[in-house]
Amino acid sequence: MYTAIGYAAQTATTPLAPMTFQRRSLRADDVAIEILFCGVCHSDIHQARNEWGIAVYPLMPGHEIVGKVTATGANVTQHKVGDLVGVGCMVDSCRTCEACKADLEQYCLEGPTMTYATPDRVDGSNTMGGYSDSIVVSEHFVVRIPATLDPANAAPILCAGITTYSPLKHYGVKAGDKVGILGMGGLGHMGIKFAKAMGAEVTLFTRSASKAEEGRRQGADHVIVSTDAEKMAAAAGRFDFLLDTIPVQHDLNPYLDTLRFDGVHILVGLIEPIDPPVHAAKLVLGRRVLAGSLIGGIAETQEVLDFCAEHNITCDIEMLDIRQINEAYARMIAGDVKYRFVIDMATLKR
């Protein structure tokens, strides 16, 4: 084992603060990584404050990790010292179930080992995330960062990117499809970029008319203010797909009305009960699908990084000094970030 440093929450009500802890020694298939950048995801806040009721303390968030390989285990073949690599939301899975064998580790039937606040499958220790100077991860869960991507901008692709790319790919979005993106935060602005790169006609749905110009700057062909009943009515039956990135409870029924028959409404932001309830007629009378999607597997995470390099897609970020992480959380809750904070880990040692 070796000593590492990072920022962690000790309870659900205390701010994140510096912490010294022990990282494990390398196993035969492990890669040791010096963390250079780590994105800040809204789920980090949910977990740090135990808003999902599953937090384990001390809790060190961070699952959008980019860094350099510093050491490898004896059996590692995919990465070498000096490589620029990434680690996303998972660091292990059973690797033998039907889902894992299909490169869908996020749906591991035994449950994936998440990058933080999950028991390690070997020694049972609590996994600690990327708000740290280093991490040790099995090489299977380490991806290559293409040389043409800026390392800091690439970090959020490991969560926000794959979370929006995977469902668009899975449900077969193609050139000419009409795709609506609900919400324009860290997930939503990436959804716009991916859908455009896939050739779709893209519409941003937002509650704020002030975001119209920004939505078009990100690549949206159209913007619909969802509080405008007349505009929503005019959009009825128009869309093939809706990618719903809104992370809080909201009424799905008006959006379902905008789908054509066989249209698909995909939830990627909401992980709590739907309220108000969905009216079943919205689904039954149009053979519409209400679906959900969780991040993506490791092979698909590499695929989205390569897709971003090919299409010159990056996440819009604001660089962050880790000493301001608690202020950053407050700003995220207030919606005051465009569109992802990324921690410069060099600030950890200042």
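Here we summarise the structure given alongside this text. Treat the numbers as computed from the prediction; the structure is a model and nothing was measured.

**Things to note about the overall build of the protein chain**
Stage number 1. When you go through the protein chain residue by residue, the secondary structure sums to 11 helices and 17 strands.
Stage number 2. Viewed in the frame of its principal axes, the protein chain has a C-alpha envelope of about 60 × 40 × 35 Å.
Stage number 3. In the protein chain, which comprises 350 residues, the proportion classed as buried is 55%.
Stage number 4. If the 31 positive side-chain charges of the protein chain are averaged to one point and the 41 negative ones to another, these points end up 3 Å apart.

**Some remarks on the packing of helix 4 (residues 160-170) against helix 10 (residues 298-311)**
Stage number 1. Where helix 4 meets helix 10, the axes come as close as 10 Å, and the angle between the chain directions of the two elements is 100°. In terms of axis orientation, helix 4 runs roughly perpendicular to helix 10. Residues Gly161, Ile162, Tyr165, Ser166 and Lys169 of helix 4 form the contact with helix 10, whose participating residues are Glu300, Thr301, Glu303, Val304 and Phe307.
Stage number 2. A class-by-class count of the residues in the contact of helix 4 with helix 10 yields four nonpolar, three polar and three charged.

**Quick look at the packing of helix 4 against helix 5 (residues 186-197)**
Each pair of packed helices can be summarised by the angle the axes make with each other and by the distance between the axes.
Stage number 1. Running from N to C, helix 4 and helix 5 cross one another at 45°; their axes reach a closest spacing of 8 Å. Taken together, the axes of helix 4 and helix 5 lie oblique to each other. Handedness of the crossing formed by helix 4 with helix 5: right-handed. Two secondary-structure elements touch here, helix 4 through Ala160, Gly161, Thr163, Thr164, Tyr165 and Leu168 and helix 5 through Gly186, Leu187, Met190, Gly191, Phe194 and Ala195.
Stage number 2. Here the contact of helix 4 with helix 5 is built from residues that sort into seven nonpolar, five polar and no charged.

**Digging into the sheet that holds strand 13 (residues 239-244)**
Stage number 1. Reading across from one edge, 12-11-10-13-14-15 is the order of the six strands in this open sheet, with parallel pairing throughout. In the strand order of this sheet, the two ends are held by strand 12 (222-225) and strand 15 (289-292), each with one partner. Sheet twist, expressed as the mean angle between neighbouring strand axes with direction ignored, is 20°.
Stage number 2. The pairing of strand 14 (residues 259-267) with strand 15 spans four bridges and is classified as parallel. Bridge pairing links isoleucine 266 to alanine 291 in strand 15.

**Quick word on the side chain of histidine 63**
Stage number 1. Within the secondary structure layout, histidine 63 lies in the loop between helix 1 (42-48) and strand 4 (65-72).
Stage number 2. Excluding residues within four positions of it along the chain, histidine 63 makes contact with Cys38, Cys41, Ser43, Asp44, Val87, Gly88, Cys89, Thr115, Tyr116, Leu158 and Cys159.

**Focus on a nonpolar patch on the surface**
Stage number 1. On the surface, a nonpolar cluster with roughly 300 Å² of combined accessible area is contributed by Trp52, Ile54 and Ile271.
Stage number 2. For isoleucine 271, a relative accessible area of 55% corresponds to the exposed category.

**Looking at the pattern of salt bridges**
Stage number 1. Scanning the entire structure with this criterion turns up 23 salt bridges.
Stage number 2. We note a salt bridge from aspartate 316 to lysine 193, for which the minimum N-O separation is 2.8 Å. With a gap of 123 residues between them, aspartate 316 in the loop between helix 10 and strand 16 (317-321) and lysine 193 in helix 5 connect regions that are remote in the sequence.
Stage number 3. Salt bridges linked by common partners bring Arg24, Arg27, Asp30, Asp120 and Asp123 together as one network.

**Regarding the packing of aromatic side chains**
Stage number 1. In this structure the tally under the stated criterion is five aromatic pairs.
Stage number 2. The interplanar angle of 55° and the centroid separation of 5.2 Å between the aromatic rings of tyrosine 165 and phenylalanine 307 together place this pair among those described as tilted. Here tyrosine 165, found in helix 4, pairs with phenylalanine 307, found in helix 10; they are 142 residues apart in sequence, far enough to count as distant.
Stage number 3. Among the aromatic residues, those joined into a ring-pair cluster are Tyr165, Phe194 and Phe307.
Stage number 4. Lying across the ring of phenylalanine 261, arginine 260 places its NZ or CZ 4.4 Å from the centre.

**Quick word on the environment of lysine 338**
Stage number 1. As for its placement among the helices and strands, lysine 338 is situated in the loop between helix 11 (325-333) and strand 17 (340-344).
Stage number 2. Taking the C-alpha atoms as reference, lysine 338 lies 14 Å from glutamate 213; in sequence the two are 125 residues apart.
Stage number 3. Excluding residues that lie within four positions of it along the chain, lysine 338 makes contacts with Asp316, Ile317 and Glu318.

The rules behind the values
- Residues numbered from 1 in each chain as written.
- Predicted model: local features only at pLDDT ≥ 70, side-chain atom pairs only at ≥ 80, totals over all residues.
- Heavy atoms only, no water.
- Helix = DSSP H or I, 4+ residues; strand = E, 2+ residues; numbered from the N terminus.
- Buried < 20%, exposed > 50% of the residue type's maximum accessible area, 1.4 Å probe, protein only.
- Lys, Arg positive; Asp, Glu negative; His and termini not counted.
- Charge placed at Lys NZ, Arg CZ, Asp CG, Glu CD.
- Axes fitted to C-alpha atoms, helices over the stretch in contact; angles between N-to-C directions.
- Parallel < 35°, antiparallel > 145°, perpendicular 65-115°, else oblique.
- Contact = heavy atoms within 4.5 Å.
- Nonpolar A, V, L, I, M, F, W, Y, C, P; charged D, E, K, R; others polar.
- Left-handed = near helix turned anticlockwise from the far one by under 90°.
- Pairing = 2+ DSSP bridges.
- Patch = residues over 30% accessible without salt bridge, like charges linked within 9 Å, V, L, I, M, F, W, Y side chains within 5 Å.
- Areas by Shrake-Rupley, 256 points an atom, 1.4 Å probe, with all protein chains shown as cover.
- Salt bridge = Lys/Arg side-chain N within 4 Å of Asp/Glu carboxyl O.
- Phe/Tyr/Trp six-rings, centres within 6.5 Å; stacked < 30°, edge-to-face > 60°.
- Lys NZ or Arg CZ within 6 Å of the ring centre and 35° of its normal.

Such coordinate-based values are descriptive only and should not be taken to indicate function.
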